[in-house]
Amino acid sequence: MKVLVAAPTGLCFGVKRAIGFVEKALTQAAPVYALGSPIHNPQEVERLQKMGLCVVQSEMEIPAGAAAFIRAHGAAPGVLENLRKRNVNVIDGTCPFVRAAQDHARELSEAGYHVLILGNEKHPEIIGMRGYVRGPSTVISTIPSLFSSTIFKSSVKIHKLGLVSQTTQEESLLAEVAKAALGVADELRIYNTICRATIERQQAVRRLASAVDGMIVIGGHNSANTGKLCRIARDSNCDAVWIEHAGQLDRRWVLEKRVIGIAAGASTPDWLIEQLHNAIDNIAGRQGDVRNE
Ligand code: SF4
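Residues numbered from 1 in each chain as written. Predicted model: local features only at pLDDT ≥ 70, side-chain atom pairs only at ≥ 80, totals over all residues. Heavy atoms only, no water.

1. Looking at the nonpolar core
Link 1 in the chain: Grouped together as the largest cluster of nonpolar side chains are 23 residues, with contacts concentrated most on Val22, Val32, Leu53 and Phe69.
Link 2 in the chain: Looking at this core element by element, the count peaks at 6 residues for helix H1 (residues 13-28).
Link 3 in the chain: In this structure, valine 22 is in contact with Val32, Leu48, Leu53 and Phe69, ignoring residues within four places of it in sequence.
Link 4 in the chain: Grouped together as the second largest cluster of nonpolar side chains are 19 residues, Ile151, Ala180, Val184 and Ile194 included. (Core = buried A, V, L, I, M, F, W, Y, C linked by side-chain atoms within 4.5 Å. Buried < 20%, exposed > 50% of the residue type's maximum accessible area, 1.4 Å probe, protein only. Helix = DSSP H or I, 4+ residues; strand = E, 2+ residues; numbered from the N terminus. Contact = heavy atoms within 4.5 Å.)

2. A few points about the packing of H1 against helix H2 (residues 42-50)
Link 1 in the chain: Taken N-terminus to C-terminus, the directions of H1 and H2 make an angle of 20°; their axes are 10 Å apart at the nearest point. It follows from the interaxial angle that H1 and H2 lie roughly parallel. Listed contacts from H2 to Ile19, Val22, Glu23 and Leu26 of H1 are Glu44, Arg47 and Leu48.
Link 2 in the chain: Each residue belonging to the contact of H1 with H2 can be placed in one class, and the counts come to 4 nonpolar, no polar and 3 charged. (Axes fitted to C-alpha atoms, helices over the stretch in contact; angles between N-to-C directions. Parallel < 35°, antiparallel > 145°, perpendicular 65-115°, else oblique. Nonpolar A, V, L, I, M, F, W, Y, C, P; charged D, E, K, R; others polar.)

3. Regarding the sheet that holds strand S7 (residues 137-140)
Link 1 in the chain: A sheet is described by the order of its strands in space; here 4 strands give the open sequence S7-S6-S8-S9, paired in parallel fashion. Where the open sheet ends on each side, the last strands, each with one partner, are S7 and strand S9 (185-190). Strand-to-strand, the axes of this sheet are offset by a mean angle of 25°, without reference to chain direction.
Link 2 in the chain: Relative to strand S8 (residues 158-165), strand S6 (residues 114-118) is paired through 5 bridges, and the arrangement is parallel. For leucine 118, the partnering residue across the bridge sits in S8 and is serine 165. (Pairing = 2+ DSSP bridges.)

4. Topic: the sheet that holds strand S3 (residues 53-56)
Link 1 in the chain: The 4 strands are arranged S3-S2-S4-S5 in an open sheet whose pairing can be described as parallel. The strands lining the two open edges of the sheet, one partner per strand, are S3 and strand S5 (89-92). Taking the axes of each pair of neighbouring strands and ignoring which way they run, one obtains an average angle of 30° across the sheet.
Link 2 in the chain: Looking at chain direction, strand S2 (residues 32-35) and S3 are connected through 4 bridges and run parallel. Across the sheet, residue valine 32 finds its bridge partner in S3, namely leucine 53.

5. Considering the UniProt feature "binding site: [4Fe-4S] cluster" (unreviewed entry) in the protein
Link 1 in the chain: The feature "binding site: [4Fe-4S] cluster" (unreviewed entry), as given by UniProt, occupies Cys12, Cys95 and Cys195 in the numbering adopted here. Spanning 184 residues, the annotated positions come together in the fold, the maximum distance between their C-alpha atoms being 10.4 Å.
Link 2 in the chain: Cysteine 12 gets classed as buried once you look at its relative accessible area, which sits at 14%.
Link 3 in the chain: Aside from chain neighbours lying at most four places away, what touches cysteine 12 is Ala197, Arg201 and Ala266.
Link 4 in the chain: Position of cysteine 195 relative to the elements: it lies in the loop between S9 and helix H9 (196-209).
Link 5 in the chain: Overall, cysteine 195 belongs to the buried group, its relative accessible area being 14%.
Link 6 in the chain: Once you skip the residues sitting within four places of it in the chain, cysteine 195 turns out to touch Phe97 and Thr167. (UniProt positions renumbered as here; feature names shortened; annotations may be inferred.)

6. Focus: the UniProt feature "binding site: isopentenyl diphosphate" (unreviewed entry) in the protein
Link 1 in the chain: In the UniProt entry, the feature "binding site: isopentenyl diphosphate" (unreviewed entry) is given for His40, His73, His123, Ser223, Asn225 and Ser267.
Link 2 in the chain: Mapped onto the secondary structure, histidine 123 falls in the loop between S6 and helix H5 (124-130).
Link 3 in the chain: Within the secondary structure layout, serine 267 lies in the loop between strand S12 (259-264) and helix H12 (270-284).
Link 4 in the chain: In this structure, serine 267 is in contact with Leu11, Ile39, His40, Asn41, Ser223 and Asn225, ignoring residues within four places of it in sequence.
Link 5 in the chain: A polar contact is formed between the side chain of serine 267 and the backbone oxygen of histidine 40, at a distance of 3.4 Å. (Polar contact = N/O pair within 3.5 Å; in protein donor to acceptor, adjacent residues only side chain to side chain.)

7. Section: the domain arrangement of the protein
Link 1 in the chain: Along its sequence, the protein is carved into domain 1 (2-10 + 196-292), domain 2 (13-94) and domain 3 (97-190).
Link 2 in the chain: Inter-centroid distance (C-alpha atoms) of domain 2 to domain 3 is 28 Å.
Link 3 in the chain: Contact residues are listed per partner, giving 12 residues for domain 2 and 12 residues for domain 3.
Link 4 in the chain: For the pair domain 2 and domain 3, the summed buried area comes to about 810 Å², and 61% of that belongs to carbon and sulfur atoms. (Domains from an automatic or database assignment. Buried area = accessible area lost by both parts, 1.4 Å probe.)

Given below as structure tokens:
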């Protein structure tokens, strides 16, 4: 049996950086309060909680003078201001790519643009980004939602429209939105704020799918990008399974395969991928023939 690993796969730069910040803070002074789940991976959250991380849902739950961790998705400026007013030590893990998208949204609104954001309005990254917009903004996630928005329903053209995106959206959708938005604005300014990490992981799964008999996609069941990798593998006619940890591996499924692919979401830590390798080796009784593709 052979095991091929998608490349790149697993933790992206932004999440790795943020986790590094919180680990360092925890070794210096626990507890540290995380505003929202620090990473979409239950096993990694559990590991950090054992080190002294407390996950809270609102900044008001964080005691004055304590240490607060802001995850890679970032937070709205009002939230950061509330924390600083209460002398909370903010450990800011906002990914630099998310920060760039926030900056573009702020600049556009300050320059008088109506800010059109492509993304999921309930996602923390979009909630945070919207906090930087000083004027009108609209969030859409699909082309139909764009057509049903007030921007399209209005009888007058928007003078200045600025388009930014959630970092994990698909470039093809951003291009479609930009094309449709051309018709409703006198002036359209677009910032491509999509991060390459997601695109590269998806491309790696497409490449790997044709070279394996089955693919194991490992990552939190609450991780949208992991789910997307599994869908891409299945759409490529690959027998793909989505597990959170090696303990969920189906022994019979593994033994039926000659070549197994492994792919991991952008929030799956290396140690979970390593445990998966070991579990496959144990089931197959092999010495480990793992290659990065
Ligand atoms: S997916 Fe991209 S934008 Fe999001 S945290 Fe990772 S590196 Fe940053």
